[in-house]
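# Topology and contacts: notes
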Amino acid sequence: MNVKKDFPIFDEYPNLVYLDSGATTHKPHKVINTITEFYQKNYGTVHRGIYDLSVKSTEEYNQARKCVQTFINSKSDKNIIFTRGTTDSINLAAFGYLENTLKDNDEIIITEIEHHANFVPWQQLAKKHNISLKFAPIEDDGTLNLNKFKELINKKTTFIAVTHISNVLGTILPIKEIIELAKENNAKVLIDGAQAIAHQKVNIQDLDPDFYCFSGHKMYGPTGIGICYASDSILEQMQPITFGGDMIETVKKEGTTFTQAPLKFEAGTPPIVEAIGLKSAINYIDEKNIDSIKIHEDNLTKIALKEMEKIDWISIIGSAQKRSSTISFNIDGIHPHDLGTILDTENIAIRVGHHCAQPTMKRFNVPATARVSFGIYNNENEIDLFIKSLHTAREVFGF
Amino acid sequence: MNLKKLYQQVLLDHNKNPRNFKVLENATHYAHGVNPLCGDDFHLFIKINSDKIITDIGFHGTGCAISKSVSSMMTTQVINKTTEEVSQIKDEFITLLTKEITNQEAKKILGHLTLFENVKEFPIRVKCATLIWRALEAALQNKMEKKVSTE
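Conventions and cut-offs
- Residues numbered from 1 in each chain as written.
- Chains lettered and ligands numbered in written order.
- Predicted model: local features only at pLDDT ≥ 70, side-chain atom pairs only at ≥ 80, totals over all residues.
- Helix = DSSP H or I, 4+ residues; strand = E, 2+ residues; numbered from the N terminus.
- Rg over C-alpha atoms; globule rule 2.2 N^0.38 Å.
- Buried ≥ 20, exposed ≤ 12 C-beta atoms within 10 Å, placed from the backbone.
- Contact = placed C-beta atoms within 7 Å.
- Pairing = 2+ DSSP bridges.
- Axes fitted to C-alpha atoms, helices over the stretch in contact; angles between N-to-C directions.
- Expected span 1.5 Å × (residues − 1).
- Arc of directions from axis to C-beta.

## Some details on the overall build of chain A
Of the regular secondary structure elements, chain A holds 14 helices and 15 strands. Taken over C-alpha atoms, the radius of gyration comes to 22 Å for chain A, in line with the 21 Å a tight globule of 399 residues would show. Projecting the C-alpha coordinates of chain A onto the three principal axes gives extents of approximately 75 × 55 × 35 Å. In chain A, buried positions account for 50% of the 399 residues. Here the analysis covers contacts within chain A between residues at least 6 apart in sequence; of these, 69% occur between residues at least 24 apart.

## Let's talk about the sheet that holds strand E4 (residues 132–136) of chain A
All names here are of chain A. Taken in spatial order, the seven strands make up an open sheet running E2-E8-E7-E6-E5-E3-E4, and their pairing is mixed. The open sheet terminates on both sides in strands that have one partner only, identified here as strand E2 (80–83) and E4. Going from strand to strand, the sheet's axes swing by 20° on average, the running direction of each strand aside. Bridge count for strand E3 (residues 107–111) against E4 is five bridges, and the pairing is parallel.

## Looking at helix H10 (residues 272–288) of chain A
One full turn of an α-helix is made of 3.6 residues, so residues set three or four places apart face in the same direction. Residues and elements named next belong to chain A. For H10, with 17 residues, the first-to-last C-alpha span of 25 Å sits near the 24 Å given by 1.5 Å per residue. Listing the buried residues of H10 in full gives Ile272, Val273, Glu274, Ala275, Ile276, Gly277, Leu278, Lys279, Ser280, Ala281, Ile282 and Tyr284. Packed against the buried residues of H10 are helix H2 (29–42), helix H3 (52–72) and E2. Where H10 ends, the next residue or the one after it, Asn289, has phi of about 75°, a positive value.

## A word on helix H7 (residues 175–184) of chain A
All names here are of chain A. Where H7 is concerned, the buried positions are Ile175, Ile178, Ile179 and Ala182. Take H7 and look down its axis: the buried residues cluster within an arc of 100°, on one side only. Contact partners of the buried residues in H7: helix H6 (146–152), strand E5 (157–163), strand E6 (188–192) and helix H8 (204–207). Just past H7, the residue Asn186 takes up positive phi, approximately 55°.

## Quick word on the pairing of strand E7 (residues 211–215) of chain A
Residues and elements named next belong to chain A. Across the five residues of E7, five count as buried, placing the element largely inside the fold. Here E7 shows no split at all, with Phe211, Cys213 and Ser215 on one side and Tyr212 and Phe214 on the other all buried. As defined by bridge partners, E6 adjoins E7 across three bridges and the pair is classed as parallel. Directly across from Ile191, in E7, lies its bridge partner Tyr212. Sheet topology note: the E7/strand E8 (residues 226–230) ladder contains five bridges and is antiparallel. Counted as the bridge partner of Phe214 is Ile227 from E8.

## Remarks on the sheet that holds strand E11 (residues 314–317) of chain A
Residue and element names in this part refer to chain A. Spatial ordering of the open sheet is given by E11-E12-E15-E14, a layout of four strands whose pairing is antiparallel. Every other strand in the sheet has two partners, leaving E11 and strand E14 (351–353) as the edge strands with one partner each. Direction aside, neighbouring strands of the sheet carry axes that sit 30° apart on average. Pairing between strand E12 (residues 326–331) and strand E15 (residues 369–373): four bridges, direction antiparallel. Within E15, the position partnered with Phe329 by the bridge is Ala370. Of the strands in this sheet, E11, E12 and E15 touch helix H11 (residues 290–309), which is tilted by about 15° from E12.

This is how it looks when you write it as structure tokens:
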């Protein structure tokens, strides 16, 4: 896959080796041009104006929703709620749905490797209502043991929230089995798809979760836009958590009635251009084909792991067979932050630190890790450069 | 950006063999310094006598080479000095990393610590170099149980 030319950031920094797509991806010309052209030629507000520009904008905005629907194969576009990002989507699930339906003694299950977006909202909700939050254990190899997961489920379990792919370990979790388990036990289930959506096909009708959440900026789209897919039964029970214009039906001094989903959950002027930019990003992924992207990234991951495993001063955290293109590691004698600085001087951008997943760090007993995560624009040569830079780092540190 | 200037031999030595890397059981002053975004995390213990002289000092925890070596060198620099002298060293060090030291006398006070001036070339790492000094500041102001965060 030779797509570097599609991304203007590499015109600006021709030697950049960008290995932090798990944090955020760069944007192709296509997406940037769509956004610029839309502002220049078609921009207007949505759902309000009677004039041509507003009609055009509204049409494009609605098409963006349909485009997301097709991309994840959900039944209807009314299940697609635009949010600000994954974090915002999960907060809507926690405080729009679960807070309005929970009973005393309810229990929520998450895993001990959730990133903060799928950890803190549930913890805050549990604290507020004095309900119990349980953590599914993760094995030393970074996998989730379904039998141990089952043991946590009981009659009080009303909600399960798990990540599709770990943002630290790269493990792909058995979400199909978890969703089935949830259904067997009458619990609702949320899948945090932030690390999955740009890396493998997500088929909502096949998986059938109650929620599936992701962000635009990790899939070659703009920041400030995310998706909260919510099933029909959720839409019936979920209440808005932000209130204002656009989400209303009638507003009187005596009270207000709300419009239908999904608009009911999108108060205020929405992220119009961000949604249209997201549509363009989805078109870009479709052009390149998500299955081909997966093959490309899996190949890079395989090569990187093979090269890293040869070196005895590298320890890789997590060794799941079913994994995505994220690798966390540590170098003997070099703190991840020093490694990050050294690699930066070689134009190699990696993530170092706790990756917004402090409980994961604690689980694997490390204060921090270094992490590489691949995207569509990476290639084999960059893995060579990356491995060489690790040797340079060891030299700088006098090994 | 010059890596060799950043990771000088003396710094790497203090990183590998940190001086006064210990918990003081009988500390009179204590502070906990944390960089929440990157996870550097050090406890600082100081023993100050009635003449306001630092008679013992120790630090413990985890962090990068910069935060660890600066902590180690700080401890060797402040021991047996009065809290007033130490306070001045701390102020000069923070100025060195965040502003410009024009006064050559001030540089003399810092001694070997001036090598950390190179950290300025890496702005994102300045907070690594200043963490222990913020903890020192908090420890000197308050006796025990003080947490400082650079964010």
